[in-house]
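# A closer look at the structure
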Amino acid sequence: MYNFTSNILSLDIGEYTFDIEVSDEFDKTLRRLSLECEERASDSGHENVCGFLLYIIDELLGKGASKYIFAGRAPDTACAAGVISHICDEYGAFRRKQLASVCGRNDE
């Protein structure tokens, strides 16, 4: 018998919890943002890298998420990149777990 599992990934970042719906649409968003990063990296100008990373956080977690995460502190490029890395790591682990359950494997 197959039972559907939750497709909601809850991420605790700072003092806040953000819920992501794990879906093909979110995968498309990740790919789009990855391409945007590659395009920006290949440009000679790297102005406002931190602002771009905050934009990515808002695209992944919802508008204004970066303001909550960095409330009371000045965002910097390293911290913003760390948040994005955490989101991607947790999302990837969740997807792998989903796929393992479909294949009948339990890699926990």
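About the thresholds
Residues numbered from 1 in each chain as written. Predicted model: local features only at pLDDT ≥ 70, side-chain atom pairs only at ≥ 80, totals over all residues. Heavy atoms only, no water. Phe/Tyr/Trp six-rings, centres within 6.5 Å; stacked < 30°, edge-to-face > 60°. Helix = DSSP H or I, 4+ residues; strand = E, 2+ residues; numbered from the N terminus. Buried < 20%, exposed > 50% of the residue type's maximum accessible area, 1.4 Å probe, protein only. Expected span 1.5 Å × (residues − 1). Polar contact = N/O pair within 3.5 Å; in protein donor to acceptor, adjacent residues only side chain to side chain. Salt bridge = Lys/Arg side-chain N within 4 Å of Asp/Glu carboxyl O.

In this description, an aromatic ring pair is defined by two values, namely the gap between the centres and the angle between the planes. All told, the structure shown has four aromatic pairs when counted by the stated rule. Taken together, a centroid distance of 4.6 Å and an interplanar angle of 45° make the contact between Phe-26 and Tyr-91 tilted. Here Tyr-91 lies in helix α4 (residues 77-102) and Phe-26 lies in helix α1 (residues 24-42), a separation of 65 residues in the sequence. Tyr-91 shares its class with Phe-26; the two are buried. Taken together through their ring pairs, the aromatic side chains of Tyr-16, Phe-18 and Tyr-68 make up a single cluster.

Quick reminder: α-helices carry 3.6 residues per turn. Residues three or four places apart thus point the same way. Taking 1.5 Å of rise per residue, the 26 residues of α4 would be expected to cover 38 Å, and the 38 Å separating its terminal C-alpha atoms lies within 8% of that figure. Within α4 the residues assigned to the buried category are Ala-80, Val-83, Ile-84, Ile-87, Tyr-91, Gly-92, Phe-94, Arg-95, Gln-98 and Ala-100. Near the N-terminus of α4, the side chain that reaches the backbone nitrogen of Ala-78, with its oxygen 3.3 Å away, is that of Asp-76.

Across its 13 residues, helix α2 (residues 49-61) extends 18 Å between first and last C-alpha, which sits within 8% of the 18 Å expected from 1.5 Å per residue. By the burial criterion, the buried members of α2 are Cys-50, Phe-52, Leu-53, Leu-54, Ile-56, Ile-57, Asp-58, Leu-60 and Leu-61.

What follows concerns the pattern of salt bridges. This structure, assessed with the given rule, holds four salt bridges. In this structure, Asp-24 engages Arg-95 in a salt bridge whose closest nitrogen and oxygen atoms are separated by 3.4 Å. With Asp-24 in helix α1 and Arg-95 in helix α4, this residue pair connects regions lying 71 residues apart in the sequence. Classification of Asp-24 as exposed rests on a relative accessible area of 55%. For Glu-36, the salt bridge is made with Arg-32, and the minimal N-O distance between the two is 2.8 Å. Here Glu-36 pairs with Arg-32, and both are found in helix α1, just four residues apart, close to one helical turn. The exposure class assigned to Glu-36 is partly exposed, which follows from its relative accessible area of 21%. Its relative accessible area of 34% is what places Arg-32 among the partly exposed residues.

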